[in-house]
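What follows is each chain in one-letter form.
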Amino acid sequence: MKRGVLVPFCILSTADEPRLRARLLSPDFDSQNLATDNVSVIEGETATINCRVRNNDDSVIQLLNPNRQTIYFRDVRPLKDSRFQLVNFSDNELRVSLSNVSLSDEGRYVCQLYTDPPQEAYADITVLVPPGSPIIESREDVVSEGNETELTCISIGSKPAASIRWMKGEDDLTVEETYDRMFTVTSRVRFSVTKEDDGVPVDCIVDHPAVKDLLTQRHLEVLYKPEVKIVVTYPDGLTREGDNLDLTCIAEGKPHPHQINWLRVDEDVPPHAVVTGSDLYIENLNKSYNGTYRCVASNAVGEAYDDYVLYVYDSRAGEGAPQKIDHAVIGGVVAVVMFAILCALIVLGRYFARHKGTYFTHEAKGADDAADADTAIINAEGGHNNTDEKKEYYI
């Protein structure tokens with residue numbers, strides 16, 4: 001049995017017609033404005049529809065669902081769906097909430113105002129379905145350097161379809177994306193790897209309006225051939241006749257080198273040379289041992305080597321050589337001494353310039369108070385008659 005929809009109606013008498021005509025022509029009638037907003041909501045959460053009226057003149061507000069069924073007529077809910085609840089009702093607003101939203105609730109809802117003609121405003125509800133955790137699949141778990149690897153990231157069950165980004169370490173990767181009708185996104189990325197990529201994280205990042213920071217990660221495992229380096233353990237300086245020689249071969253790779261060999265390029269290794277693991281030891285050197293000694297390391301990926309060129313000097317080579325003079329140190333000392341001398345000359349010069357020609361005499365002491373010139377000469381201390389008592393001071 002179909003459920004009916006209650007539609008209000010009224011019968012106007014001839015006497016009501018002038019009053020209705022006056023209301024339709026009034027300035028306030030045209031100023032009524034019905035408005036609402038679109039709503040985006042995550043599946044399972046609550047959506048709120050808000051019908052707003054400006055300058056309502058007691059016109060009736062109602063809310064209809066996408067099937068044009070009345071959800072609320074004023075503050076009355078004819079639709080028997082308890083998920084719809086009245087949040088607020090007034091002459092200027094009808095606000096209704098819808099809880100536990102599902103995909104079937106998506107569509108266009110109608111705010112309707114009973115005027116003549118009726119006014120309608122539309123609220124589109126969009127239901128967002130967040131994607132599940134992305135899954136990364138790889139063509140192979142381990143890849144050798146120089147080869148290409150392929151990774152696939154799958155994001156299932158989102159609405160709208162999610163977008164996928166890839167990052168290798170701090171670098172963005174170019175991707176290929178495919179979509180299907182169930183909003184499952186599959187993204188593939190291909191790139192060549194080097195030994196520097198070993199242990200580097202590769203991120204599949206899912207962007208969707210319903211979630212943030214959704215990603216999954218896989219670390220690359222790259223196999224690479226050994227890196228080889230020869231280190232001279234002894235001697236520290238020149239290799240002379242009669243000395244011993246001790247070389248160490250350092251080899252690192254993935255997997256770890258399973259074999260390390262020593263050889264002498266184009267010649268045989270001296271018969272009394274001793275090879276112990278990665279070390280080569282030769283005692284009592286002579287010039288017949290001159291040549292290139294090579295350390296070769298190998299693993300499942302490949303092999304690599306490093307060379308050491310041996311040249312045996314005379315037993316007295318390097319002895320009695322003149323010691324090197326550090327000219328920089330000597331120059332620094334000379335500069336400091338010259339600067340000190342220059343400073344001393346400047347100080348002495350200023351001292352003599354300040355005191356040059358300064359002296360005092362007492363010849364005319366007392367002459368300033370004499371009444372005339374004769375009296376001044378008589379009163380002058382040590383006048384012409386006392387020249388033996390004249391004193392001068394010179395500084």
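Just so you know, these numbers come straight off a predicted model, no measurement behind them. (Residues numbered from 1 in each chain as written. Predicted model: local features only at pLDDT ≥ 70, side-chain atom pairs only at ≥ 80, totals over all residues. Heavy atoms only, no water.)

Asks: Before we move on, could you go through the overall build of the protein chain and cite the residues and values that matter?
Replies: Assigned secondary structure in the protein chain consists of four helices and 27 strands. Looking at the protein chain as a whole, 31% of its 395 residues qualify as buried. For the protein chain, contacts bridging at least 24 residues in sequence account for 60% of all contacts bridging at least 6. When the accessible surface of the protein chain is totalled, it reaches about 25,700 Å², and 52% of it is carbon and sulfur. (Helix = DSSP H or I, 4+ residues; strand = E, 2+ residues; numbered from the N terminus. Buried < 20%, exposed > 50% of the residue type's maximum accessible area, 1.4 Å probe, protein only. Contact = heavy atoms within 4.5 Å. Areas by Shrake-Rupley, 256 points an atom, 1.4 Å probe, with all protein chains shown as cover.)

Asks: Lay out the pattern of salt bridges with the relevant residues and their values.
Replies: All told, the structure shown has 17 salt bridges when counted by the stated rule. Here K168 and D197 are joined by a salt bridge, their closest N and O atoms 3.5 Å apart. Placement of the pair is K168 in strand 13 (residues 163-168) and D197 in the loop between strand 16 (185-192) and strand 17 (201-208), with a sequence separation of 29 residues. The same class applies to K168 as to D197, namely buried. When salt bridges with common partners are traced through the structure, they connect D81, R83 and D105 into a single cluster. (Salt bridge = Lys/Arg side-chain N within 4 Å of Asp/Glu carboxyl O.)

Asks: With reference to specific residues and values, describe the UniProt feature "transmembrane region" (unreviewed entry) in the protein chain.
Replies: In the numbering adopted here, UniProt assigns the feature "transmembrane region" (unreviewed entry) to residues 328-348. For residues 328-348, helix accounts for 100% and strand for 0%, while the C-alpha atoms at its two ends are 31 Å apart. (UniProt positions renumbered as here; feature names shortened; annotations may be inferred.)

Asks: Tell me about the packing of aromatic side chains, residues and numbers included.
Replies: Evaluation of the coordinates by the stated rule reveals two aromatic pairs. Arranged with centres 6.2 Å apart and planes meeting at 70 degrees, the rings of F73 and Y114 form a pair that is edge-to-face. On the criterion of sequence distance, the pair formed by F73 in strand 5 (residues 70-73) and Y114 in the loop between strand 8 (107-113) and strand 9 (119-128) is long-range, its members being 41 residues apart. For F73, a relative accessible area of 17% gives the class buried. Ring geometry for Y311 against Y313: centres 4.8 Å apart, planes inclined by 75 degrees, an arrangement best described as edge-to-face. The exposure class assigned to Y311 is partly exposed, which follows from its relative accessible area of 48%. Lying across the ring of Y122, R108 places its NZ or CZ 5.1 Å from the centre. For R294, the ring lying beneath its charged end belongs to Y305, and the centroid distance is 4.0 Å. (Phe/Tyr/Trp six-rings, centres within 6.5 Å; stacked < 30°, edge-to-face > 60°. Lys NZ or Arg CZ within 6 Å of the ring centre and 35° of its normal.)

Asks: Let's hear about the state of the cysteines: which residues, and what values?
Replies: Counted by the stated rule, this structure contains three disulfides. Each sulfur in the disulfide pair C51 and C111 lies 1.8 Å from the other. With the S-S dihedral at roughly -70 degrees, the linkage between C51 and C111 falls on the left-handed side. Placement of the pair is C51 in strand 3 (residues 47-54) and C111 in strand 8, with a sequence separation of 60 residues. Exposure class is identical for C51 and C111. Each is buried. Note that C153 is cross-linked by a disulfide to C204, the S-S spacing being 1.8 Å. As the torsion about the S-S bond is roughly -80 degrees, the C153-C204 disulfide counts as left-handed. Note that C153 is positioned in strand 12 (residues 148-155) and C204 in strand 17, a separation of 51 residues in sequence. C153 gets classed as buried once you look at its relative accessible area, which sits at 0%. Overall, the relative accessible area of 0% leaves C204 in the buried class. Cysteine pairing in the protein chain follows 1-2, 3-4, 5-6, where each cysteine in a disulfide is numbered by its order in the sequence. (Disulfide = S-S within 2.5 Å.)

Asks: I'd like a description of unusual backbone geometry, backed by residues and values.
Replies: Cis geometry is adopted by the peptide bond preceding P160, which originates at K159 and carries an omega value of -5 degrees. Tracing the chain through its elements places P160 in the loop between strand 12 and strand 13. With an omega dihedral of 0 degrees, the bond running from K254 to P255 counts as a cis peptide bond. Positive phi values are uncommon outside glycine, yet N55 reaches one of about 60 degrees. By the secondary structure assignment, N55 is in the loop between strand 3 and strand 4 (61-64). We classify N55 as partly exposed; its relative accessible area is 45%.

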